[in-house]
Amino acid sequence: MTSDFEHATALLRQYDMDRYLSTLLAPEEHRSGLMAIYAFNSEIARVREVVSEPLPGEVRLQWWRDMLEGTEHGAIASNPVAGALLSTIDRYSMPKPALAAAVAARVFDLYNDPMPSLNDLEGYLGETVSSLFQMSCLILNNGEDPGTATAAGHAGVAYGLTGLMRALPWHASRQQMYLPKDVQSRHGLDPETVFRGETTSELHAVLKEMRDHVRHHLGRVRQAASQVPEPCRPAFLQLALVEPYLRKLEATGFNPLKQVAELSQLRRQWILWRSSGNVLIKI
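As a starting point, this report considers the structure included with it. Small disclaimer: the values here were computed from a predicted structure and weren't measured.

**What about the overall build of the chain?**
Then, number 1: Of the regular secondary structure elements, the chain holds 16 helices and 0 strands.
Then, number 2: Computed over the C-alpha atoms, the radius of gyration of the chain is 18 Å, within 12% of the 19 Å expected from 2.2 N^0.38 for a compact globule of 283 residues.
Then, number 3: Overall, the C-alpha framework of the chain stretches about 50 × 45 × 30 Å when taken along its three principal axes.
Then, number 4: Within the chain, the proportion of its 283 residues that are buried is 53%.
Then, number 5: Carbon and sulfur atoms make up 50% of the accessible area of the chain, which amounts to about 12,500 Å² in all.
Then, number 6: Here the chain carries 28 positive and 32 negative side-chain charges, and the mean point of each set is 8 Å from the other.

Below, the structure is given as structure tokens:
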């Protein structure tokens, strides 16, 4: 199992530096569990990147669902992330249905269907990102119910939506749109202009509303801070990076279709370290 967790850690470091760095500041006894759950997330989130068309992607995602339901058709021993995940599930009595729901939600990523509404987007982020915050709290609380569903729900929307805005250049290049149709309509945005790489005033208006929405949810996390047990607070450390990313996204001259809002690794390490003592106050 040690090699499984080592593989999960290496994969996380390669594909999800923010969560990797934040996990290094979590209590050592729970780091392997956090690495496993985050590596699992990275695996299902990257499926579109490693397939040429949706059907093979659905097959990959179905394998994960079958594995969680105990009906997999391939050897788990050949997938070290799956091995690390199952070990973590057993250690912390993690709810498999929530993990399976995250896999099911990722089917949306395989296609270029529009996101119908802001409410639908929040639902998607709830299953793919908020659940990850909740699972992390469960790990840090040693398998006991942490009572953090409200904070995790808002945290997932804030962090996930920030990530989608940062990834807008990649999504637009493949004709994929996560910006909700109702918000687009409210500001008169034609999605075809986005796919053509045209940064319009309408797009800026949509993205401003999205940034405001992120900040609203950050505020809701702060309001719920008193409900978060002390051991669970490291699960929210990634949120310390949200406001710096937002400032990059709204900087004068920043082109959301041509540039990616990024922070140097050193800057990220500094922000996370500085926030590690009281992240729910500093976000």
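**A word on the pattern of salt bridges**
Between side chains of opposite charge, a pair can form as their charged atoms come close.
Then, number 1: Evaluated as defined, the whole model comprises 14 salt bridges.
Then, number 2: In this structure, the salt-bridge partner of glutamate 43 is arginine 46, at a minimum N-O distance of 2.6 Å. Exposure class is identical for glutamate 43 and arginine 46. Each is buried.
Then, number 3: Its salt-bridge partner being arginine 196, residue glutamate 198 comes within 2.8 Å of it at the nearest N-O pair.
Then, number 4: By relative accessible area, glutamate 198 is classed as partly exposed at 34%.
Then, number 5: Put simply, Arg211, Arg215, Glu243, Arg247 and Glu250 are held in one network by salt bridges that share partners.

**A word on the packing of aromatic side chains**
Then, number 1: Tallying each qualifying case throughout the model produces 8 aromatic pairs.
Then, number 2: Considering the side-chain rings of tryptophan 63 and tryptophan 64, the 5.2 Å spacing of their centres and the 90 degrees angle between planes classify their relative orientation as edge-to-face. The burial state of tryptophan 63 is the same as that of tryptophan 64; both residues are buried.
Then, number 3: By the ring-pair criterion, three or more aromatic residues cluster together here, those being Phe40, Trp63 and Trp64.
Then, number 4: One cation-aromatic arrangement involves arginine 19 over tyrosine 38; the distance from NZ or CZ to the ring centre is 5.8 Å.
Then, number 5: We note arginine 46 situated over the ring of tyrosine 15; from NZ or CZ to the ring centre the distance is 3.7 Å.

**Brief notes about the side chain of aspartate 109**
Then, number 1: For aspartate 109, the location among the structural elements is in the loop between helix 7 (96-105) and helix 8 (118-140).
Then, number 2: Polar side-chain contacts of aspartate 109 include one of 2.9 Å to the side chain of arginine 106.
Then, number 3: Beyond its immediate stretch of four places on either side in the chain, aspartate 109 contacts Arg48, Tyr124, Gln176 and Tyr178.

**Brief notes about unusual backbone geometry**
Then, number 1: Positive phi outside glycine occurs at serine 93, with the angle close to 50 degrees.
Then, number 2: Locating serine 93 in the fold gives a position in the loop between helix 6 (80-92) and helix 7.
Then, number 3: Serine 93 gets classed as exposed once you look at its relative accessible area, which sits at 58%.
Then, number 4: Here glutamine 175, not a glycine, exhibits a phi torsion of approximately 65 degrees, which is positive.
Then, number 5: Positionally, glutamine 175 belongs in the loop between helix 10 (168-173) and helix 11 (181-187).

**Looking at the nonpolar core**
Then, number 1: Ranked by size, the top nonpolar core spans 98 residues in total, and within it Ile37, Phe40, Trp64, Leu68, Leu85, Phe236 and Leu239 carry the most contacts.
Then, number 2: When residues no more than four places from it in sequence are discounted, the contact partners of tryptophan 64 are Phe40, Glu43, Ile44, Asn79, Val81, Ala82, Leu85 and Val103.

**Re the state of the cysteines**
Then, number 1: Enumeration over the complete set of coordinates arrives at 0 disulfides.
Then, number 2: Looking at the unpaired cysteine 137, the closest cysteine sulfur is the one in cysteine 232, lying at 4.5 Å.

**Quick look at the side chain of threonine 200**
Then, number 1: Relative to the helices and strands, threonine 200 resides in the loop between helix 12 (191-195) and helix 13 (201-223).
Then, number 2: Take threonine 200: its relative accessible area is 17%, and that puts it in the buried class.
Then, number 3: In terms of polar contacts, threonine 200 uses its side chain to reach the backbone amide nitrogen of leucine 203, at 3.1 Å.
Then, number 4: In contact with threonine 200, not counting residues within four places along its chain, are Leu189 and Thr193.

Reading the values: the criteria
Residues numbered from 1 in each chain as written. Predicted model: local features only at pLDDT ≥ 70, side-chain atom pairs only at ≥ 80, totals over all residues. Heavy atoms only, no water. Helix = DSSP H or I, 4+ residues; strand = E, 2+ residues; numbered from the N terminus. Rg over C-alpha atoms; globule rule 2.2 N^0.38 Å. Buried < 20%, exposed > 50% of the residue type's maximum accessible area, 1.4 Å probe, protein only. Areas by Shrake-Rupley, 256 points an atom, 1.4 Å probe, with all protein chains shown as cover. Lys, Arg positive; Asp, Glu negative; His and termini not counted. Charge placed at Lys NZ, Arg CZ, Asp CG, Glu CD. Salt bridge = Lys/Arg side-chain N within 4 Å of Asp/Glu carboxyl O. Phe/Tyr/Trp six-rings, centres within 6.5 Å; stacked < 30°, edge-to-face > 60°. Lys NZ or Arg CZ within 6 Å of the ring centre and 35° of its normal. Polar contact = N/O pair within 3.5 Å; in protein donor to acceptor, adjacent residues only side chain to side chain. Contact = heavy atoms within 4.5 Å. Core = buried A, V, L, I, M, F, W, Y, C linked by side-chain atoms within 4.5 Å. Disulfide = S-S within 2.5 Å.

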